Amino acid sequence: MTLVSVSSLTVRYSGATALDDVSLHLDRSEMVALIGANGAGKSTLVKVLSGLVAPASGQVTVNGRLAQVPEGREVFADLSVDDNLRLGGWRNGRRGRDTTAIYELLPALVPLRRRAAGTLSGGQQQMVAIGRALMGRPDVLVIDELSLGLAPLVVEALAGHLRDLHRDRGLTVLLIEQNARLALSLCSRAYVLEAGRIVLDGDAPVLARDERLTAAYLGGHYE
Amino acid sequence: MSDFLGYLLTGLGIGAGFALVGSGLVAIYRVTGVVNFAQGAFAVLAAMLTSTLLTAGLPHVLSELAAVAVAAVVGVLVGIVAIGKPGTDPGTSLIITLGLGVFAYAVEIVLWGDQPRSFPGLPGVATVGGARIQAHYLLILGVTVPVFLALAAFFSRTDLGKALSACASNRYAARVVGIDVRRMGLLAFALGGALGGLAGVLTTPVQQVTFDSDVTLIVNGFAAAVLGGLTRPGVALVGGLLLGVAQTLIAGYGWGAYQLEVALLLMLTVMIVQAARSGPVREAAR
């Protein structure tokens, strides 16, 4: 079942074209990556999917609930980890704001629950942002830059959590990443976005061997 | 000594009014980023309305509560005008509230005239530790302190309060999790209106109110709020009380003409110190 379907999407910001004729789709229980450099239009796509930006033309269909892990994590710095998580369930109403299940999914957050989110390390904040998004009980989790500004070991740990969530819960993930290596190792399919256009797409193992991608994003050393 | 205690308690009562106005400013600023210059008008409006309702025969408490409720509604209206249009920059909203504050003068003069008004509060004189003060000052404190405790509980214990804090902490993330930031802003304006109104109805029995009393209230309320960087209601409470006590002591020992200057001086000092300490870097980092 297709959860997210984007067809011929074009977005313009005061004349400048941010996304140009972009089409992609995401099926249930898939992990798909959208790879691109800074300014390729990745964040614009996230904003369109979340309804924060209106498209100039094209169609966007989201079947189900979508929750976002925003770029830069964007935790509520002055609020406790627990309050961050609770507010992730804001749309659910009071009964849907019980955080117990999230602590079972992300036990590393348990000892941090009373800490102000702003005092945590980048990796811990990313975990809070993921937990907060999961509180919305999403059908699709959109992660905007999982690895940005984080140490490789921290990224590997977060990737491990996502793999587990995907395997155990059938979580559907759209991962927006600059780090092609990470994206291709985590996801089964990927799209490559350049200057607002999809220039390449396909299964991750195939893309990992594609010369155009390895030259542009992997320094030619992807093994 | 009993003189001093008298001034102290009276000052705390006066300061509670500043603290309420100041915390209303803080409530609105935290959530919307707007400094609401119409904040003093909520107090004047509620005070004038209470005097009318009491004259019309409504009992105490009911009159005051009704006036506070009206002030909250007026708060929402000010909010709708100031932040209702999506994308309005906080600086623009500030100017709008300034304009609305002046507009409130016109409305107040038309409805209530330009003469000072007051109404009786809690009658009688209380003796505390040898100091004789009007009992009403104790009532002001007896209401203000629980109101601040309730505010603290609201922000830290309820999801709605946390959502308001979330808007203050990170507006973008608040939108991401589905909090309607504009509605929260209007709620903050309602809260600000109610707190301002409460300041008006509580202090008017001991200090007459005229249409332009909002200047004293906003200057002192702002001075109290700016102590906590406009973001911490608890500091606004302490700041307001300190200001009230300082001013009453100054008046009590014979320099009554300089009361407002104390607030201005304090506000300027705090702002200069804060600007020197944090500077434009912190502003830019927000």
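Predicted model only: the values in this text are computed from it and were never measured. (Residues numbered from 1 in each chain as written. Chains lettered and ligands numbered in written order. Predicted model: local features only at pLDDT ≥ 70, side-chain atom pairs only at ≥ 80, totals over all residues. Heavy atoms only, no water.)

Participant: Hey, could you go over the UniProt feature "transmembrane region" (unreviewed entry) in chain B for me, with residue numbers and the actual values?
Facilitator: Per the UniProt record, the feature "transmembrane region" (unreviewed entry) sits at residues 6-29, 41-59, 65-83, 95-113, 133-155, 184-202, 222-245 and 257-276 of chain B. Taken end to end, residues 95-113 of chain B is 95% helix and 0% strand, and its first and last C-alpha atoms sit 26 Å apart. (UniProt positions renumbered as here; feature names shortened; annotations may be inferred. Helix = DSSP H or I, 4+ residues; strand = E, 2+ residues; numbered from the N terminus.)

Participant: Go over the domain arrangement of chain A with me, naming the residues and quoting the values.
Facilitator: All names here are of chain A. In terms of domain boundaries, chain A breaks down into domain 1 (1-64 + 139-149 + 171-223) and domain 2 (72-138). The gap between the C-alpha centroids of domain 1 and domain 2 is 25 Å. Contacts between domain 1 and domain 2 engage seven residues on the former and seven residues on the latter. Buried area between domain 1 and domain 2, both sides added, is near 610 Å², and the carbon and sulfur share of it is 59%. (Domains from an automatic or database assignment. Contact = heavy atoms within 4.5 Å. Buried area = accessible area lost by both parts, 1.4 Å probe.)

Participant: Describe the side chain of N36 of chain B, naming the residues involved and giving the relevant values.
Facilitator: All names here are of chain B. Within the secondary structure, N36 sits in the loop between helix 1 (2-32) and helix 2 (39-55). Classification of N36 as buried rests on a relative accessible area of 0%. Here Q39 takes part through its side chain, which lies 3.1 Å from a polar atom of the side chain of N36. Excluding residues within four positions of it along the chain, N36 makes contact with L25, I28, F42, V78, T97, F189 and I218. (Buried < 20%, exposed > 50% of the residue type's maximum accessible area, 1.4 Å probe, protein only. Polar contact = N/O pair within 3.5 Å; in protein donor to acceptor, adjacent residues only side chain to side chain.)

Participant: I'd like a description of unusual backbone geometry, backed by residues and values.
Facilitator: If you check the backbone angles, R73 of chain A has positive phi at about 70° while not being a glycine. Among the secondary structure elements, R73 of chain A is positioned in the loop between strand 5 (66-69) and helix 2 (81-88). The phi dihedral of V61 of chain B falls on the positive side, at around 70°, and the residue is not glycine.

Participant: Now, about the pairing of strand 5 of chain A: what can you tell me, with residues and values included?
Facilitator: Residues and elements named next belong to chain A. Neither face of strand 5 is open: one carries L66 and Q68, the other A67 and V69, and all of them are buried. As paired strands, strand 5 and strand 6 (residues 140-144) are joined by four bridges and run parallel to one another. In the sheet register, L66 faces strand 6, and the bridge partner there is V140. (Pairing = 2+ DSSP bridges.)

Participant: Account for helix 5 (residues 135-157) of chain B, naming residues and giving values.
Facilitator: The end-to-end C-alpha distance of helix 5 of chain B, which contains 23 residues, comes to 33 Å, matching closely the 33 Å that a straight helix rising 1.5 Å per residue would cover. Burial in helix 5 of chain B covers these residues: A135, H136, Y137, I140, L141, T144, F148, L151 and F155 of chain B. (Expected span 1.5 Å × (residues − 1).)

Participant: Residue-level account of the sheet that holds strand 8 (residues 189-194) of chain A, with values.
Facilitator: All names here are of chain A. Strand order in this open sheet of six strands is 5-6-7-3-8-9, and the pairing throughout is mixed. Strands with a single pairing partner mark the edges of an open sheet, and in this sheet they are strand 5 and strand 9 (197-203). Neighbouring strand axes in the sheet, compared pairwise and without regard to direction, differ in orientation by 15° on average. For strand 3 (residues 31-36) and strand 7 (residues 172-177), the ladder comprises five bridges, and the chain directions are parallel. Of the residues in strand 7, the one forming a bridge with I35 is E177. (Axes fitted to C-alpha atoms, helices over the stretch in contact; angles between N-to-C directions.)

Participant: Which residues make up the interface of chain A and chain B, and what values go with them?
Facilitator: Across the boundary between the two partners, chain A contributes 18 residues, which contact 17 residues of chain B. Overall, the association of chain A and chain B removes approximately 1600 Å² of surface from exposure, summing both partners, and the carbon and sulfur fraction of that is 60%. A per-residue breakdown of the area chain A buries against chain B is headed by L52, F76 and W90 of chain A, which together make up 36% of the total. Counting the contacts that link chain A with chain B gives three salt bridges. Residue D159 of chain B pairs with R86 of chain A through a salt bridge whose shortest N-O separation is 2.8 Å. (Salt bridge = Lys/Arg side-chain N within 4 Å of Asp/Glu carboxyl O.)

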